[in-house]
Amino acid sequence: MVLAGGAARRMGGAPKPLLPVGGVPLLARVLAAVRGADPIVVVGPPDLDPLLPPGVLRTREQPPGGGPVAAVAAGLALCPPTGRVLVAGADLPFLTAGGIADLLAVDAPVVMYADEQGRAQHMLSVWRVEALRAAVPEEPAGASMRGLLRDLAPHLAAWTGTGPPPWYDCDTVPDLRAANDLSETEGPDGRRPA
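A quick note: this is a predicted structure, and the numbers were derived from the prediction, not measured. In every chain, residue numbers begin from 1 and rise along the written sequence. With the structure being a predicted model, the display of local features is reserved for residues of pLDDT at least 70 and the display and counting of side-chain atom pairs for 80 or more, all residues being used for whole-chain, interface and lining totals. By convention in this description, side-chain values take in all heavy atoms of the structure and omit both hydrogens and water.

Student: How do you make sense of helix α1 (residues 26-33) when you look at a structure like this?
Tutor: Because an α-helix packs 3.6 residues into every turn, residues spaced three or four apart end up facing the same way. Exposure categories follow from relative accessible area, calculated using a 1.4 Å probe and restricted to protein chains: below 20% of the type maximum is buried, above 50% is exposed, and the middle band is partly exposed. Helix and strand assignments follow DSSP, with helices taken as H or I runs no shorter than four residues and strands as E runs no shorter than two, numbered in order from the N terminus. With six of eight residues buried, α1 lies mostly within the body of the structure. Considered for burial, the residues of α1 that qualify are Leu-26, Leu-27, Arg-29, Val-30, Leu-31 and Ala-33.

Student: It is not clear to me how unusual backbone geometry should be interpreted in this structure. Could you clarify?
Tutor: Excluding glycine, a negative phi dihedral is what most residues carry, and trans is how most peptide bonds are arranged. Following Asp-38, the chain continues into Pro-39 via a peptide bond in cis, with omega recorded as 0°. Positionally, Pro-39 belongs in the loop between α1 and β4 (41-43). Gln-62 connects to Pro-63 through a cis peptide bond whose omega is -5°. Topologically, Pro-63 is positioned in the loop between β5 (57-59) and α2 (68-76).

Student: Hey, could you run me through the sheet that holds β5 in this one?
Tutor: By definition, the strands of a sheet pair up through backbone hydrogen bonds, in either a parallel or an antiparallel sense. Only when DSSP finds a minimum of two bridges between them are two strands counted as paired. With mixed pairing, seven strands are arranged side by side in an open sheet as β5-β4-β1-β6-β8-β7-β9. Of all strands in the sheet, those bounded by a partner on one side alone are β5 and β9 (155-158). Those strands touched by α2 are β1 (2-3), β4, β5, β6 (84-89) and β8 (120-128), and its axis lies near 145° from that of β4. Whether two residues are in contact is decided by their heavy atoms, any of which lying within 4.5 Å being enough. Angles here are taken between N-to-C directions and fall from 0 to 180 degrees, while the axes themselves are lines fitted to C-alpha atoms, restricted in helices to the stretch in contact.

Student: Looking at this structure, I do not really get the packing of aromatic side chains. What am I missing?
Tutor: Each pair of aromatic rings taken from Phe, Tyr and Trp, with Trp reduced to its six-membered ring, is defined by centres within 6.5 Å and is described as stacked if the planes are under 30 degrees apart, edge-to-face if over 60, and tilted in the remaining cases. Under the criterion given, the structure shown has three aromatic pairs. Here the aromatic rings of Tyr-113 and Trp-159 are separated by 6.0 Å at their centres, their planes lie at 85°, and the arrangement is edge-to-face. A residue pair is termed long-range when its members are at least 10 positions apart, and Tyr-113 in strand β7 (residues 110-114) and Trp-159 in the loop between β9 and α5 (173-183) qualify at 46 residues. Across this residue pair, the class does not change: Tyr-113 and Trp-159 are buried. Among the aromatic residues, those joined into a ring-pair cluster are Tyr-113, Trp-159 and Trp-167.

Student: What is the right way to look at the pattern of salt bridges in this model?
Tutor: Once their charged atoms are close, side chains differing in charge can pair, the charge on each being opposite to the other. Salt bridge, as used here, is a side-chain nitrogen of Lys or Arg placed within 4 Å of a carboxyl oxygen of Asp or Glu. Using the criterion set out here, one finds six salt bridges in the structure. Ionic pairing is found between Lys-16 and Asp-91, a salt bridge with its closest N-O pair at 2.8 Å. Highlighted residues: Lys-16 in the loop between β1 and β2 (20-21) and Asp-91 in the loop between β6 and α3 (97-104), separated in sequence by 75 residues. There is no split in this pair, since Lys-16 and Asp-91 are both buried. Several salt bridges share partner residues, and in doing so they unite Lys-16, Asp-91 and Asp-171 into one network.

Here it is, written out as structure tokens:
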């Protein structure tokens, strides 16, 4: 599940998923990392449709702009009733299949990366579908991602890879510039050489 809505206020309102890093739109980079998933669900506005490969499902949070938990609720409606689901922001230029596999290797109700300061990275997590459904409030609009963990202690995974971490997100213009600078040293798999 790729969360691709939001107003991008810190980007001056530009549609973040369409902004390029290394010449490739952020959303396309994330979709390349999740291409082995089934189904792939993108939650965002219709103007993202030209970037979606065949078979990718798109839905919209209610109300539009209702926040990430409302987007999760909308995406869950298109997910199977059991199994595991990745929840990822559409602004993660360095997300790779390997970074996702590291999360999937942990068997827990919810697993997410922790950064160098030990902070949980809520916008890149793997959930058991049942646990995520139970965590989403009845009124999800405006709820916080952190609030989904009110009854759960996530397993926090450490990033052991090289280069920018998979949770690196582009929230501001300086973040986007830095991501473009970092992307110049990427290999064909999206990783930087050691």
